[in-house]
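Report on the structure
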There are 2 protein chains.
Amino acid sequence: MNPPKRATLKEVARLAGVSYQTVSKVLNGQVQLPAATEARIWEAVQALNYIPNHTARSLRSRRSHTIAYCWAPTATGQANPILDELLQSMVQAAERQGYYLLCFPNQPDPQRLREAYRELIDSGRVDGFILSSVEYEDPRILYLMERRFPFVAFGRSNPEYQFPSIDIDGGLGMLKVVRHLVERGHRRIAALTWPPESRVGANRIAGFLQGLIEAGIPPVPEWMERGEGVPAFGYQATLRLLALPESMRPTAIVAFNDAMALGAVRAAQQLGYRVGSEIAITGFDDTPLARYTIPPLTSVRQPIWEVGERLVNRLITLLDHPDISSPYCELIEPELIIRASSTGEEIPLDQDHPYLYP
Amino acid sequence: MNPPKRATLKEVARLAGVSYQTVSKVLNGQVQLPAATEARIWEAVQALNYIPNHTARSLRSRRSHTIAYCWAPTATGQANPILDELLQSMVQAAERQGYYLLCFPNQPDPQRLREAYRELIDSGRVDGFILSSVEYEDPRILYLMERRFPFVAFGRSNPEYQFPSIDIDGGLGMLKVVRHLVERGHRRIAALTWPPESRVGANRIAGFLQGLIEAGIPPVPEWMERGEGVPAFGYQATLRLLALPESMRPTAIVAFNDAMALGAVRAAQQLGYRVGSEIAITGFDDTPLARYTIPPLTSVRQPIWEVGERLVNRLITLLDHPDISSPYCELIEPELIIRASSTGEEIPLDQDHPYLYP
DNA sequence: ATACTCAATGCGAACGTTCGCACGAACATT
DNA sequence: AATGTTCGTGCGAACGTTCGCATTGAGTAT
């Protein structure tokens, strides 16, 4: 159709010989009409190629069918391995229910951040929010709770805050890693982790310690290296760990993400270790590249696709039933992907753990 | 404010003692009022914390101030190094001009794809589109041109299509790579590239060949390996290349992305080559991890941040001036990042090429 | 027959803006 | 003094829906 004129309800109604309000009701399934009438209406809709005007619809119904999402940008020079998958799964899940995702920019300044959220809410542009990279004392959570505006978070925050969230059980992931290493005979296990402010880090550390305790291994403070989650830190920390006197030297290094693990691998190799057999190194995230590194990296895969779907579905449920409150955290179990960096046993590339999601 | 009641134009107007239409005009800068009146209006706006209702605004003005964007999902198991940066830069650039980005799901089926675009357009939800991963005969381009609906593409398509686009000059990137290798004395240069259908591949191949011609090196068909852009292909192809008889064996391998380059590095190392000194291997994309691989990878960095900003700004210009047609392709020059994989000369990590963008 | 329900449709009024024009007053121009 | 011109403001209408009730006519129980 070249003419930019779009059909409206009224034109459909005229063609079908009913009032336009009736057409509206039929399209929204709010009324049951005799088959003949309804058929006429649908024919008219087809004939005119009618598509409801979304703006008018949301003006009147006060529902924008739009979900706001914003994520912290990855520090330059770092890859965000889960962003694409999370975004795709959310966008798809949303579309299946007639929603779209609206992206807005991250705002480091707390003052402006509030303003950004306020504007999005009060302009009526969105029905709810999805938050990611949630931390302690998260101002976004406080603001949305104060405004009683619907949202679902990816990640937990302070335990005393009550809000709907989905999270990956990072502690369980670490526990699986430690169990795996213990099973292979390791007793001196070091960790490359984040500073204690990090909420994600705290959960993972808890799981890590639980794993040690299960195995009756007392934690050693010298074996907890804390820093930024980049290869350079993993590299430096590993040089330090492997410079300890022989009796105090760890035989396994558990990195809290793949980037640190890669740095650790580099350091160990540089010092002449055969990674996998002489020292075990593990990561976390199962970055797509993890299977291709040398040696391939044992890591923990997060079911991101599922997280995205659940976030969206939970939010939409919340929007449809504002009365039902469900301020609990759904935990999802991650998967341990064992490769040569912790075992020394190489698996052929084409037999590496396949990805299950589309 | 606990009561979900938001202030409207009328309430602001009552407080300021003018008609609500006047307030509207002031807010939109469509009229110049005496300072006193205008001040009263702004005070009222402040006092009531007024934020215009976006839906009502776009219903009347027929402008949604929303840009639709959709991207091809990364094949599972592959990282999309540029997604985060592109998205962030577009979202930020859009917000600066009062626009937001609406994400919608990729649709492989061409029938449904048309339908998805049609619905987005005819429901009045968006003002324009940004396309990425553009290919030859791209159905999205054809449809949007047919509908005369505003869009800007990241990437070129058939030369006979006339539409506004931004692209990175991949050919120039390859040319820089080849010049660099030739300068270092290489004459036998192989390429790991995509199948000929790939539009991006074609541009890069052109640059690659131009580089050879410049140096007076005749292209050798056996040195062009075509396959999927994953490490596994780079690995296999490199095994083949290095199994050629000595006189026919390349001394440099130019991979058309970093993933293939990593596979190539692995293969070469496995065959006992010292990558960098005995064989040069280069990538393309400058994946964040490229500086951390062993050896660090020479690659071509794409100015993605700039691309995102230009895409958005160009589209908004188009929306504001529908009369001015500008169906040309803006080319942006990529940057060659030289590291040890092509020179054998390691640079310290902290002196590696910094990222310039926020 | 009368009142009573129910299904099928219609109608007027919002929703909160922007648009286009009109109006009155002040001021400059003939 | 009559006539334009500009400025500041107001007014009614429209944008395309959904909402809530009102209305009609047919069927059913009293």
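Description of the structure in this document. Quick caveat: nothing in here was measured; it's all calculated off a predicted structure. (Residues numbered from 1 in each chain as written. Chains lettered and ligands numbered in written order. Predicted model: local features only at pLDDT ≥ 70, side-chain atom pairs only at ≥ 80, totals over all residues. Heavy atoms only, no water.)

Here's the deal with the protein's contact with DNA strand C
Not every one of the 30 residues close to DNA strand C is listed here, only the nearest: A:Ser19, A:Gln32, A:Arg60, B:Ser24 and B:Tyr50. Sugar plus phosphate, as a fraction of atoms of DNA strand C within 4 Å of the protein: 56%. A distance of 2.4 Å separates a phosphate oxygen of DNA strand C from a polar side-chain atom of B:Ser24. A distance of 3.4 Å is found between a phosphate oxygen of DNA strand C and a backbone nitrogen or oxygen belonging to B:Asn53. (Near = heavy atom within 4 Å. Polar contact = N/O pair within 3.5 Å; in protein donor to acceptor, adjacent residues only side chain to side chain.)

Some words on the packing of aromatic side chains
The full count for this structure, using the stated rule, is 16 aromatic pairs over all chains. Ring centres of B:Tyr69 and B:Trp71 lie 5.7 Å apart, and the angle between their planes is 20°; on these two criteria the pair is classed as stacked. Taking relative accessible area as the criterion, B:Tyr69 reaches 2% and is therefore assigned buried. In this structure B:Trp71 comes out as buried when scored by relative accessible area, which is 3%. A ring pair is formed by B:Phe104 and B:Tyr117, whose centres lie 5.2 Å apart and whose planes are at 85°; its orientation type is edge-to-face. In this pair, B:Phe104 is assigned in the loop between β2 (100–103) and α6 (110–122) and B:Tyr117 in helix α6, connecting sequence segments 13 residues apart. Note on B:Tyr117: relative accessible area 3%, which makes it buried. Taken together, A:Phe104, A:Tyr117, A:Phe129 and A:Phe149 form an aromatic cluster joined through their ring pairs. The ring of A:Phe284 has A:Arg204 lying over it, and the distance from NZ or CZ to the ring centre is 3.7 Å. Here A:Arg301 stacks its cationic end above the ring of A:Tyr355, 4.2 Å away from the centre of that ring. (Phe/Tyr/Trp six-rings, centres within 6.5 Å; stacked < 30°, edge-to-face > 60°. Buried < 20%, exposed > 50% of the residue type's maximum accessible area, 1.4 Å probe, protein only. Helix = DSSP H or I, 4+ residues; strand = E, 2+ residues; numbered from the N terminus. Lys NZ or Arg CZ within 6 Å of the ring centre and 35° of its normal.)

Topic: the relation of the copies chain B and chain A
Rotating chain B by 180° about the axis while translating it 0.0 Å along that axis superimposes it on chain A, leaving an RMSD of 0.1 Å. Expressed as a symmetry operation, the mapping of one chain copy onto the other fits a two-fold axis. Closest approach to the rotation axis among the C-alpha atoms of chain B is made by B:Leu102, whose C-alpha sits 2.3 Å away. When the interface residues of chain B are mapped onto chain A, 100% of them again fall at the interface, so both copies present the same face. (Least-squares fit on C-alpha atoms with pLDDT ≥ 70 in both. Contact = heavy atoms within 4.5 Å.)

A short note on the nonpolar core
Core analysis: the biggest nonpolar cluster contains 85 residues, and A:Leu192, A:Phe208, A:Phe256, B:Leu192, B:Phe208 and B:Phe256 have the highest contact counts within it. Apart from residues no more than four positions distant in its own chain, B:Leu192 is found in contact with B:Glu225, B:Phe233, B:Gly234, B:Ala237, B:Thr238, B:Leu241, B:Ile253, B:Val254, B:Ala255, B:Phe256, B:Met260 and B:Ala264. Counting residues in hydrophobic clusters, the runner-up holds 54 residues, among them A:Met90, A:Cys103, B:Leu83 and B:Leu318. (Core = buried A, V, L, I, M, F, W, Y, C linked by side-chain atoms within 4.5 Å.)

Overview of the side chain of A:Asp285
Residue and element names in this part refer to chain A. Assignment of secondary structure puts Asp 285 in the loop between β9 (280–282) and β10 (299–301). No salt bridge is formed by the buried Asp 285; its nearest oppositely charged neighbour, Arg 204, is found at 4.4 Å. In this view, Asp 285 contacts Pro 81, Arg 204, Asn 257, Asp 258, Ser 299, Val 300, Arg 301 and Gln 302; residues no more than four positions away in its chain are not counted. (Lys, Arg positive; Asp, Glu negative; His and termini not counted. Salt bridge = Lys/Arg side-chain N within 4 Å of Asp/Glu carboxyl O.)

Some remarks on the pairing of strand β2 (residues 100–103) of chain A
Neither face of β2(A) is exposed, since A:Tyr100 and A:Leu102 on one face and A:Leu101 and A:Cys103 on the opposite face are all buried. Sheet topology places strand β1 (residues 66–70) of chain A next to β2(A); four bridges connect them, and they run parallel. Residue pairing across strands places A:Tyr69 opposite A:Cys103, the latter belonging to β2(A). With three bridges connecting them, β2(A) and β2(B) associate as antiparallel partners. (Pairing = 2+ DSSP bridges.)

Description of helix α5 (residues 83–96) of chain B
Residues and elements named next belong to chain B. Here α5 spans 20 Å end to end across 14 residues, near enough to the 20 Å set by a 1.5 Å rise per residue. Where burial is concerned, most of α5 is hidden: ten out of the 14 residues are buried. If you check which residues of α5 are buried, you get Leu 83, Asp 84, Leu 86, Leu 87, Gln 88, Ser 89, Met 90, Val 91, Ala 93 and Ala 94. (Expected span 1.5 Å × (residues − 1).)

Re the interface of chain B and chain A
At the junction of the two partners, chain B supplies 65 residues and chain A supplies 65 residues. Here chain B meets chain A over a buried area of about 5,900 Å², counting both sides, of which 60% is carbon and sulfur. Sorting the residues of chain B by area buried against chain A places B:Tyr100, B:Arg125 and B:Arg266 first, and these three jointly supply 12% of that buried surface. Linking chain B with chain A are two salt bridges, by the criterion used here. A:Glu346 serves as the salt-bridge partner of B:Arg266, at 2.6 Å between the closest nitrogen and oxygen. At the surface where chain B touches chain A, the tally comes to 24 residue pairs in polar contact (both at pLDDT 80 or more). Contributions of two or more residues to the side of chain B that touches chain A are made by α4 (54–61), α5, β2, α6, α7 (139–147), α10 (231–242) and α11 (258–270) of chain B. Ranked by the residues each element gives to the side of chain B that touches chain A, the list is headed by α5(B), at seven residues. Along the lines of polarity and charge, the residues of the side of chain B that touches chain A split into 32 nonpolar, 20 polar and 13 charged. (Buried area = accessible area lost by both parts, 1.4 Å probe. Nonpolar A, V, L, I, M, F, W, Y, C, P; charged D, E, K, R; others polar.)

Thoughts on the sheet that holds strand β6 (residues 189–193) of chain A
All names here are of chain A. Pairing within the open sheet is parallel, and its four strands lie in the order β7-β6-β8-β9. Because the sheet does not close on itself, it has two edges, and the strands there are β7 (224–226) and β9. Averaged over neighbouring strand pairs, the angle between their axes works out to 15° when direction is ignored. Summarising the sheet, strand β8 (residues 252–255) and β9 pair through three bridges and their orientation is parallel. Bridge assignment links Ala 252 to a residue of β9, and that residue is Ala 280. Most of the contacts of helix α8 (residues 170–183) go to β8, to which it runs at about 170°, and overall it touches β6, β8 and β9. The sheet contacts of helix α9 (residues 199–214) involve β6, β7 and β8, and relative to β6 the element is tilted by about 175°. (Axes fitted to C-alpha atoms, helices over the stretch in contact; angles between N-to-C directions.)

Description of the environment of B:Met90
Residue and element names in this part refer to chain B. Structurally, Met 90 is set in helix α5. Along the chain, Met 90 and Leu 48 lie 42 residues apart, while their C-alpha atoms are 32 Å from each other. Aside from chain neighbours lying at most four places away, what touches Met 90 is Tyr 69, Leu 101, Ile 130, Gly 308, Leu 311 and Val 312.

Comments concerning unusual backbone geometry
Cis geometry marks the peptide bond from A:Ile294 to A:Pro295, where omega comes out at -10°. Within the secondary structure, A:Pro295 is located in the loop between β9 and β10. A positive phi is found at B:Asn49, a non-glycine position, where the angle reads about 60°. Mapped onto the elements of the fold, B:Asn49 is located in the loop between α3 (35–48) and α4. One non-glycine residue with positive phi stands out, namely B:His65, at about 50°. On the secondary structure map, B:His65 appears in the loop between α4 and β1 (66–70).

Shape is all these values report; function is a separate question.
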